[in-house]
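Here is how the chains run, residue by residue.
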Amino acid sequence: MNDILSAPFLTEMVRTTANMYAHGWDERNGGNISWMLDESELSPYLDVNAVVRDLPTGFEAPSLDGRYFLVTGTGKYFKNVAHDPAKNLGLLRLADGGRNARLLWGLTDGGKVTSEFPAHMMSHAARLAVDPLSRVVLHCHPSNLLAMTYVHDLDERAFTRTLWQMCTECIMVFPDGVNVLPWMLCGTNEIGQATAEKMKTARLVVWAQHGIYGAGRDLDETFGLIETAEKAAEIYLKIAHLPRLATITDDQLRQIADHLRLIPRDGWLD
Ligand code: 2HA
Ligand code: ZN
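What counts and what doesn't
Residues numbered from 1 in each chain as written. Chains lettered and ligands numbered in written order. Predicted model: local features only at pLDDT ≥ 70, side-chain atom pairs only at ≥ 80, totals over all residues. Heavy atoms only, no water. 1 Å grid on protein atoms, 1.4 Å probe; cavity = no way out; pocket = protein on both sides within 12 Å on 5 of 7 lines; lining within 4 Å. Points joined across faces, edges and corners; volume = space filled by probe spheres on them. Nonpolar A, V, L, I, M, F, W, Y, C, P; charged D, E, K, R; others polar. Phe/Tyr/Trp six-rings, centres within 6.5 Å; stacked < 30°, edge-to-face > 60°. Helix = DSSP H or I, 4+ residues; strand = E, 2+ residues; numbered from the N terminus. Buried < 20%, exposed > 50% of the residue type's maximum accessible area, 1.4 Å probe, protein only. Lys NZ or Arg CZ within 6 Å of the ring centre and 35° of its normal. Pairing = 2+ DSSP bridges. Axes fitted to C-alpha atoms, helices over the stretch in contact; angles between N-to-C directions.

*Asks:* Which residues make up the layout of surface pockets, and what are the values?
*Replies:* The volume enclosed by the largest pocket comes to roughly 160 Å³. Forming the walls of the largest pocket are 17 residues, and the residues nearest its centre are Asn29, Gly30, Gly31, Asn32 and Ser115. Taken together, the residues of the lining of the largest pocket sort by class into 1 nonpolar, 13 polar and 3 charged.

Encoded structure:
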């Protein structure tokens, strides 16, 4: 067996959590990541049949039965992942229709998976139904997007259009737009189901007055999605109180989409 700490999935996870912390998106224990991995990626580094312990999930996710996930642990701080990956992360396989997670590695202090495990797993199931290559769900608390949910209309079309207008790149990066959930109690199956429902039509879901969820094919892509939306929110907060002398028009947004052969969310351009 190779040293699991040198596995690409672990070094990338460590790099991403450190980067997210450095961006100020994951204060204290804020934020969580889940990354679906194939058995062939894991088997050089661990015996996938050696189960450390079982963790009941409290929900069902039949379409994810037997799937492997690398996840952050509940109560764990992103800033500490690099110092002790084995304590702060867990590698597991879903079993019994999703009702149990078999821990294969990590969470060495007896810890549990992220409190947002329902939202993560239900979002994976929703995204996989749309894109079979979807692998990552990432949640964090970026300041500008969060701030925007206090002062901007939470209508999804209006929220997305504002972000698209803030930087030319936005419509290229998230032509599917941003969906928005009103404030809900976090860490529950209910917010998990609501997030997954929103994930059917967009890879970004804002949780008003809380943060954002992103989904994508790899950590870089998903990080980049959130990074781009957060940058747009930052521009919005810099200009929202000033007289608006220019914008990116719908015609220009359509030109960008046509040029790149992207299909913007249906009906979201005038
Ligand atoms: O626990 O971000 O939403 C970390 C969180 C909860
Ligand atoms: Zn959160």
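*Asks:* Lay out the packing of aromatic side chains in plain terms, naming residues and giving numbers.
*Replies:* Applying the stated criterion to the full structure yields 4 aromatic pairs. When the centroid spacing of 5.9 Å and the interplanar angle of 50° are considered together, the rings of Phe59 and Phe117 count as tilted. You can see Phe59 sitting in the loop between strand S2 (53-56) and strand S3 (68-72) and its partner Phe117 sitting in helix H4 (residues 117-130), a full 58 residues away along the chain. Between the aromatic rings of Trp207 and Tyr213, the centroid separation amounts to 4.6 Å while the plane-to-plane angle is 40°, which identifies the pairing as tilted. Note on accessibility: Trp207 and Tyr213 belong to one class, buried. Above the face of the Trp268 ring, Arg265 is positioned so that its terminal group lies 4.0 Å from the ring centre.

*Asks:* An account of the sheet that holds strand S6 (residues 136-140) is requested, with residue identities and associated values reported.
*Replies:* The sheet built from 9 strands is open, its strands ordered S2-S5-S4-S3-S1-S6-S9-S8-S7 with mixed pairing. What marks the edges here is a single partner per strand, and that holds for S2 and strand S7 (178-181). For this sheet, the mean angle separating the axes of adjacent strands, direction not counted, is 25°. One ladder, built from 4 bridges, connects strand S1 (residues 32-37) with S6; its direction is antiparallel. Across the sheet, Asn32 pairs through a bridge with His139, a residue of S6.

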